[in-house]
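Analysis of the macromolecular model
Next come the chains, spelled out residue by residue.
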Amino acid sequence: MSKCLVLKNIASATDLEQNYNDIYDDIEQELQKFGKLESLLIIWPVEIKNIQDLGCAYAKFEDVGSSLCAYNLLADKIFNERKIGVEFIKEEWFNKLKD
């Protein structure tokens, strides 16, 4: 367990290109229900270096309790007609994404 999560399958490349700001705002609002976010990353399709990052949002909470709550309540939830996958990721890995 960690303070960091990856939410998979949140959007297609086309959705992100056309509605990035709306998708970002929707994900941010949803995640803030579980606690204070330190950071949220959704990588633009043109900036993706690794294809597995496409359609993913990366979130870092202030504490593990918030990320655990988000994990438990968001796993397999439907967002934008897509079933979301949620996994914990290491904080070190999250920090590398920001670089």
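Residues numbered from 1 in each chain as written. Predicted model: local features only at pLDDT ≥ 70, side-chain atom pairs only at ≥ 80, totals over all residues. Heavy atoms only, no water.

Let us now look at the pairing of strand β3 (residues 57-61). Of all five residues in β3, five are buried, a share of seventy percent or more. Residues of β3 alternate between two faces, with Ala57, Ala59 and Phe61 on one and Tyr58 and Lys60 on the opposite face, all of them buried. In the sheet, strand β2 (residues 37-42) pairs with β3 via five bridges, with the strands oriented antiparallel. Its bridge partner being in β3, Leu40 is matched across the sheet by Ala59. (Buried < 20%, exposed > 50% of the residue type's maximum accessible area, 1.4 Å probe, protein only. Helix = DSSP H or I, 4+ residues; strand = E, 2+ residues; numbered from the N terminus. Pairing = 2+ DSSP bridges.)

Along the chain, Asn80 turns up in the loop between β4 (78-79) and β5 (82-83). Remark: the alpha-carbon pair of Asn80 and Ile10, spanning 70 residues in sequence, is separated by 7.3 Å.

To continue, consider the sheet that holds β2. Spatial ordering of the open sheet is given by β2-β3-β1-β6, a layout of four strands whose pairing is antiparallel. If you trace the sheet from one side to the other, it starts and ends with β2 and β6 (85-89), each paired once. On average, each strand axis in the sheet is inclined to that of its neighbour by 20°, with strand direction left out of account. As paired elements, strand β1 (residues 4-8) and β6 share five bridges and run antiparallel to each other. Along β6, the bridge assignment pairs Cys4 with Ile89. (Axes fitted to C-alpha atoms, helices over the stretch in contact; angles between N-to-C directions.)

Another point: unusual backbone geometry. A positive phi angle is found at Asn9, which is not glycine, with a value near 70°. Relative to the assigned elements, Asn9 resides in the loop between β1 and α1 (13-32). Residue Asn9 is classed as partly exposed on the basis of its relative accessible area of 31%. Phi is positive for Asp76, which is not a glycine, with a value near 70°. Relative to the helices and strands, Asp76 is located in the loop between α2 (64-74) and β4.

Another point: the environment of Leu73. Along the chain, Leu73 turns up in helix α2. With 39 residues separating them in the primary sequence, Leu73 and Phe34 have C-alpha atoms 9.1 Å apart.

The next subject is α1. An α-helix turns once per 3.6 residues; consequently, residues spaced three or four apart project the same way. Taking 1.5 Å per residue, 20 residues should reach 28 Å; α1 reaches only 24 Å between its end C-alpha atoms and comes up short. Bending of α1 peaks at approximately 100° at the position of Asn19. Elements in contact with the buried residues of α1: β1, β2, β3, α2 and β4. (Expected span 1.5 Å × (residues − 1). Bend = angle between axes of the 7 residues up to and from the residue. Contact = heavy atoms within 4.5 Å.)

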